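# Notes for the structure review
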Protein chains: 2
Amino acid sequence: MAFTFEQARACVLLETGARRAIPATETVALLDASGRILAENVSADRDYPPFPRSARDGFAVRAADLPGTLRLIGEVRAGEVYSGSVGPGETVEIMTGAPMPAGTDAVVMVEHVVRDGNCIQMQHTLASGDNFNAQGLAAQAGVTILFPGQRLGYADIAMLASVGRDSVQVYRKPRVAVVPTGDEIVEGGQQPATYQIRNSNAWSMAVQVTRAGGEPVVLPVARDNYASTVARIEEGLQCDMLLLSGGVSAGKYDIVEKVLADLGAEFFFTRVLIQPGQPLVFGVVKNDHKQTLFFGLPGNPGSTMVTFEVFARAAVELLSGANEAPLHMLQTRLWKDLRQKTGLTRFIPSRLSDDGATVEQVGWHGSGDVSGMTRANAFIVTEPNREQWSAGEMVRVLMK
Amino acid sequence: MAFTFEQARACVLLETGARRAIPATETVALLDASGRILAENVSADRDYPPFPRSARDGFAVRAADLPGTLRLIGEVRAGEVYSGSVGPGETVEIMTGAPMPAGTDAVVMVEHVVRDGNCIQMQHTLASGDNFNAQGLAAQAGVTILFPGQRLGYADIAMLASVGRDSVQVYRKPRVAVVPTGDEIVEGGQQPATYQIRNSNAWSMAVQVTRAGGEPVVLPVARDNYASTVARIEEGLQCDMLLLSGGVSAGKYDIVEKVLADLGAEFFFTRVLIQPGQPLVFGVVKNDHKQTLFFGLPGNPGSTMVTFEVFARAAVELLSGANEAPLHMLQTRLWKDLRQKTGLTRFIPSRLSDDGATVEQVGWHGSGDVSGMTRANAFIVTEPNREQWSAGEMVRVLMK
């Protein structure tokens, strides 16, 4: 069951999409909704713009009067309404954001007139509709403007405020169990012996789950024995999703897969042709009342981080109720030649220039090297069938 | 003082960099440090890896013995240490993450041996050092591995946990005053009259400030009169930075610039050749004990959002203590032909495909259209001297 990167991505999206339930909802204050997933339809309470609205500082006119010299009969500012009506040969000074006076159908920009007292001379023509926004242009009253499943960003929060909302219904965050495995790992606060290391994967996974919109539930380290592993996995399966790191490679003490199989797991894949991260398990455990998806991520820290970003993050996002789980890989120019062995899609820790115009590999000693990973702000993503790239060529990049 | 986009960016980075003080610090728990700016040097408490560490499941050998058949004398797992020493012709089974036994200098992968009881046959050669990570390869004890000014992401949090930290010193967030202006704006909770609109810019700015690492301080709307504007601006200048929206175009009631000038402001620029967002003010007000940078962003919601992202965000990031304020514009393929008037650098609300391979404009009715902005997840960024692009061409993209 070795999948290519693309097959594995498609599998995660498909299997998660097919199994997810609509999450429960909760109501949060507007500012707290940033980054959350909308759980309701939001419709326009009135037309947007709510009135024909000048897009310029200038003079409201009847377009048919132009070119010509018009008589200034008044002024209207944003937040006011011009009470009269504008007849042929007349104009009203208008500010950006102000409602168009009755009778007018265009705005001449203030820069384009010659003014002499109340005589406003306009030398150019305008079409009806120029320089103002028609009522309801952006959205008409009653239409749905925001849909369930949208991740709320700054524009969405502004839209919600525009329609008069100060709170909003969002989906509850899925609880994601985080279980590192390995006899060599000591928990926080303990001093490791020479041959031991501190738990770091639980931390990176917890941060990544949070960033993806989940609520991490960090469990103690599962030890490399059956009893400890089964206990942690059973505990983790109570959550909405289970993330394990380590214990999934070919090693004879890597018992995560065996325990999962004994618990009735269905495996969608157990290996993906990527680097870092080849041994990578994705599946589901079903019991009476629920199905819980799990990922067994490889235990080397760099592999844990990368495989979360490119696979598990999508599952957390979909379980959060998001209607999409994009993995945006744009392109930029290689700063230095690059050479790789073929056969795997590689995610190479790299650094984008400040403007993003170029990308360069950082010094990195493989998937155990967390320090190298901290110097990256992106990954170069290589195609598996290609061996070398020259400086100046375009390559795909995934933001870290 | 009309700047190009590039001139304005450079000006913001330069003037903010020259004026910022080192922020005060605070200590936060490790998980709360995600996204914060590190305020201390963090050094490796020991070598990383702390011991010569097998990168594979397999057999620890003396490389000089290969190819050949070796005698299996023991086993070492991650979290253990092999007590004996390995002599010529001998090998020890080893798991990924376990320390290399004394006397060995390479690891043969388990897939590459033929095993017959305690006789392990290895047909290929290996170089000394193959398949294990030398002690201190990634970082040697005592070297600085994380520096003040770094924004802490998942790899940094994992690194901090690796060296035994459960809390970390970060910079305090800068307080950024948010002041919308305009007589047409009603505050949250109030029903707008036909010719009025609700306050939405304060909300998008607050979300954007938070995302950039600042703490928004939202003030009431400044009205289009001198007294109200001066009161709000003076209040806002008490913060570390001041953000205004509206009141900065050529309109005769746009008094933000006049008030700022009367308060002794120095203006670095008052117009930028971009769309949306041409009227855009950046400067500093100095008084006895501090210098406060301010932005007067244009008041159309789309302009407020874009000008924050491309200019004000950098200032908030630098004031947060970050050592960089990148604006990553990578490239991807246009889905549809694109045509623009020349003269301005345009940020066009757009939508990236899920994999980021293509980008397409969303329907958008100009900078007053918040609804269109909610459908975008990115901006196409056009060069000012070019008029048209064909489908399939590469264009620059800024993530929303």
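So, here is what we can say about the structure in this document. In this text the structure is predicted, and so the values were computed from the model without any measurement. (Residues numbered from 1 in each chain as written. Chains lettered and ligands numbered in written order. Predicted model: local features only at pLDDT ≥ 70, side-chain atom pairs only at ≥ 80, totals over all residues. Heavy atoms only, no water.)

### Comments concerning the overall build of chain A
Regarding its fold elements, chain A presents 7 helices and 29 strands. Rg of the C-alpha trace for chain A: 30 Å, well past the compact-globule value of 21 Å for 400 residues, more than 25% over. C-alpha extents for chain A along the principal axes are approximately 90 × 55 × 40 Å. When burial is assessed residue by residue, chain A has 56% of its 400 residues classed as buried. Here the analysis covers contacts within chain A between residues at least 6 apart in sequence; of these, 70% occur between residues at least 24 apart. Of the side-chain charges in chain A, 36 are positive and 43 negative, and the distance between the mean point of each set is 5 Å. (Helix = DSSP H or I, 4+ residues; strand = E, 2+ residues; numbered from the N terminus. Rg over C-alpha atoms; globule rule 2.2 N^0.38 Å. Buried < 20%, exposed > 50% of the residue type's maximum accessible area, 1.4 Å probe, protein only. Contact = heavy atoms within 4.5 Å. Lys, Arg positive; Asp, Glu negative; His and termini not counted. Charge placed at Lys NZ, Arg CZ, Asp CG, Glu CD.)

### Looking at the nonpolar core
Nonpolar side chains in soluble globular proteins tend to be buried together. Core analysis: the biggest nonpolar cluster contains 67 residues, and A:Val168, B:Met241, B:Leu243, B:Phe295, B:Phe311 and B:Phe347 have the highest contact counts within it. Looking at this core, the element that brings in the most residues is helix α6 (residues 301–319) of chain B, giving 11 residues. Each residue touching A:Val168, except ones within four places of it in the same chain, is listed here: A:Glu26, A:Thr27, A:Val28, A:Leu30, A:Ala33, A:Leu38, A:Glu40, A:Leu152 and A:Leu160. Judged by nonpolar contacts, the second largest core, of 64 residues, contains A:Ala212, A:Met241, A:Ala325 and A:Leu327. (Core = buried A, V, L, I, M, F, W, Y, C linked by side-chain atoms within 4.5 Å.)

### As for the pairing of strand β26 (residues 358–361) of chain B
Residue and element names in this part refer to chain B. Note that strand β23 (residues 329–334) and β26 share 2 bridges and pair parallel. Bridging across to β26, arginine 333 finds its partner in threonine 358. Direction of pairing for strand β25 (residues 345–352) relative to β26: antiparallel, over a ladder of 3 bridges. Across the sheet, the residue bridging to leucine 352 is valine 359, located in β26. (Pairing = 2+ DSSP bridges.)

### Quick notes on the interface of chain B and chain A
With 90 residues of chain B at the contact, the number on the chain A side is 90 residues. Interface of chain B and chain A: buried area, both sides summed, is about 7,600 Å²; carbon and sulfur atoms make up 58% of it. Taken together, the connections running from chain B to chain A amount to 6 salt bridges. For A:Asp183, the salt bridge goes to B:Arg77, with nearest N and O atoms at 3.5 Å. Counting the contacts that link chain B with chain A gives 25 residue pairs in polar contact (both at pLDDT 80 or more). Residue contributions to the side of chain B that touches chain A peak at 8 residues, all from helix α2 (residues 154–162) of chain B. (Buried area = accessible area lost by both parts, 1.4 Å probe. Salt bridge = Lys/Arg side-chain N within 4 Å of Asp/Glu carboxyl O. Polar contact = N/O pair within 3.5 Å; in protein donor to acceptor, adjacent residues only side chain to side chain.)

### So, empty space enclosed by the protein
Residue and element names in this part refer to chain A. For the coordinates displayed, the defined rule picks out 2 cavities of 30 Å³ or more. Considering only enclosed or pocket space, the largest cavity measures out at about 60 Å³ in volume. Surrounding the largest cavity, Gly35, Arg36, Ile37, Arg151, Tyr171, Arg172, Lys173, Pro174, Ala212, Gly213 and Ser320 form its lining. Residues that form the lining of the largest cavity fall into these classes: 4 nonpolar, 3 polar and 4 charged. Within this model, the second largest cavity holds a volume of roughly 30 Å³. What lines the second largest cavity is Thr181, Arg223, Asp224, Thr229, Gly247, Tyr253, Asp254, Ile255 and Val256. For the lining of the second largest cavity, the per-class residue count stands at 3 nonpolar, 3 polar and 3 charged. (1 Å grid on protein atoms, 1.4 Å probe; cavity = no way out; pocket = protein on both sides within 12 Å on 5 of 7 lines; lining within 4 Å. Points joined across faces, edges and corners; volume = space filled by probe spheres on them. Nonpolar A, V, L, I, M, F, W, Y, C, P; charged D, E, K, R; others polar.)

### Digging into the sheet that holds strand β22 (residues 291–297) of chain A
Residues and elements named next belong to chain A. With mixed pairing, 7 strands are arranged side by side in an open sheet as β1-β19-β21-β22-β18-β14-β17. Of all strands in the sheet, those with a lone pairing partner are β1 (2–3) and β17 (215–218), marking the two edges. Judged from the 4 bridges that link them, strand β14 (residues 175–180) and β17 form a sheet pairing that is parallel. Considered in β17, the bridge of arginine 175 is made with glutamate 215. Here helix α3 (residues 201–212) sits on the sheet in contact with β14, β17, β18 (241–245) and β22, set at roughly 160° to β17. Seen against the sheet, helix α6 (residues 301–319) touches β14, β18, β19 (266–272), β21 (279–286) and β22 and runs at an angle of roughly 175° to β18. (Axes fitted to C-alpha atoms, helices over the stretch in contact; angles between N-to-C directions.)

### Looking at the packing of α3(A) against α2(B)
Orientation of α3(A) relative to α2(B), taken along the N-to-C sense of each, is 150°, at an axis distance of 8 Å. Comparing the axis directions of α3(A) and α2(B) gives the class roughly antiparallel. As for how α3(A) packs across α2(B), the hand of that crossing is right-handed. For the pair formed by α3(A) and α2(B), the contact residues are A:Trp203, A:Ser204, A:Val207, A:Gln208 and A:Arg211 on the first element and B:Tyr154, B:Ile157, B:Ala158 and B:Ala161 on the second. Class assignment for the residues of the contact of α3(A) with α2(B) results in 6 nonpolar, 2 polar and 1 charged. (Parallel < 35°, antiparallel > 145°, perpendicular 65-115°, else oblique. Left-handed = near helix turned anticlockwise from the far one by under 90°.)

### Describing the environment of A:Ile73
Residue and element names in this part refer to chain A. Structurally, isoleucine 73 can be placed in strand β6 (residues 68–76). Of the residues examined, isoleucine 73 reaches a relative accessible area of 26% and is grouped as partly exposed. For the pair formed by isoleucine 73 and glutamate 93, sequence separation is 20 residues and the distance between their alpha carbons is 8.2 Å. Residues contacting isoleucine 73, with those up to four places away along its chain left out, are Tyr82, Ser85, Val86, Glu90, Thr91 and Val92.

### Notes on the relation of the copies chain B and chain A
Superposing chain B onto chain A requires a rotation of 180° together with a translation of 0.0 Å along the rotation axis, leaving an RMSD of 0.1 Å. The superposition operator between the copies reduces to a two-fold rotation axis. Closest approach to the rotation axis among the C-alpha atoms of chain B is made by B:Gln331, whose C-alpha sits 2.5 Å away. When the interface residues of chain B are mapped onto chain A, 100% of them are again interface residues, pointing to one common binding face. (Least-squares fit on C-alpha atoms with pLDDT ≥ 70 in both.)

### A look at helix α4 (residues 226–236) of chain B
Residue and element names in this part refer to chain B. Every buried residue of α4 is listed here: Ser228, Thr229, Val230, Ile233 and Gly236. Packed against the buried residues of α4 are β14 (175–180), β18 (241–245) and α5 (256–262). Between the side-chain oxygen of the N-cap and the backbone nitrogen of alanine 227 there are 3.2 Å, and the N-cap of α4 in question is asparagine 225.

### Looking at unusual backbone geometry
A cis amide bond, omega -10°, links B:Tyr48 with the succeeding residue B:Pro49. Among the structural elements, B:Pro49 can be located in the loop between β3 (42–43) and β4 (53–54). The linkage connecting B:Gln275 with the following residue, B:Pro276, adopts the cis geometry, with an omega of -5°. Inspection of the secondary structure puts B:Pro276 in the loop between β20 (274–275) and β21 (279–286). At A:Asn131, a position not held by glycine, the phi torsion is positive, near 65°. Mapped onto the elements of the fold, A:Asn131 is located in the loop between β10 (119–122) and β11 (132–133).

### A look at the packing of aromatic side chains
Residue and element names in this part refer to chain A. Applying the stated rule across the entire model yields 16 aromatic pairs over all chains. Here phenylalanine 5 and phenylalanine 347 contribute two aromatic rings whose centre-to-centre distance is 5.3 Å and whose plane-to-plane angle is 70°, an arrangement assigned as edge-to-face. Within this pair, whereas phenylalanine 5 is found in helix α1 (residues 5–19), its partner phenylalanine 347 is found in strand β25 (residues 345–352), the two being separated by 342 residues in sequence. Note on accessibility: phenylalanine 5 and phenylalanine 347 belong to one class, buried. (Phe/Tyr/Trp six-rings, centres within 6.5 Å; stacked < 30°, edge-to-face > 60°.)

### Brief notes about the sheet that holds strand β6 (residues 68–76) of chain B
Residues and elements named next belong to chain B. On the basis of which strands lie adjacent, the open sheet formed by 6 strands has the order β8-β5-β7-β6-β10-β9 and mixed pairing. The open sheet has two free edges, formed respectively by β8 (106–109) and β9 (113–116), since each of these has just one partner strand. Across this sheet, the average inter-strand angle for adjacent strands is 40°, counted without regard to direction.

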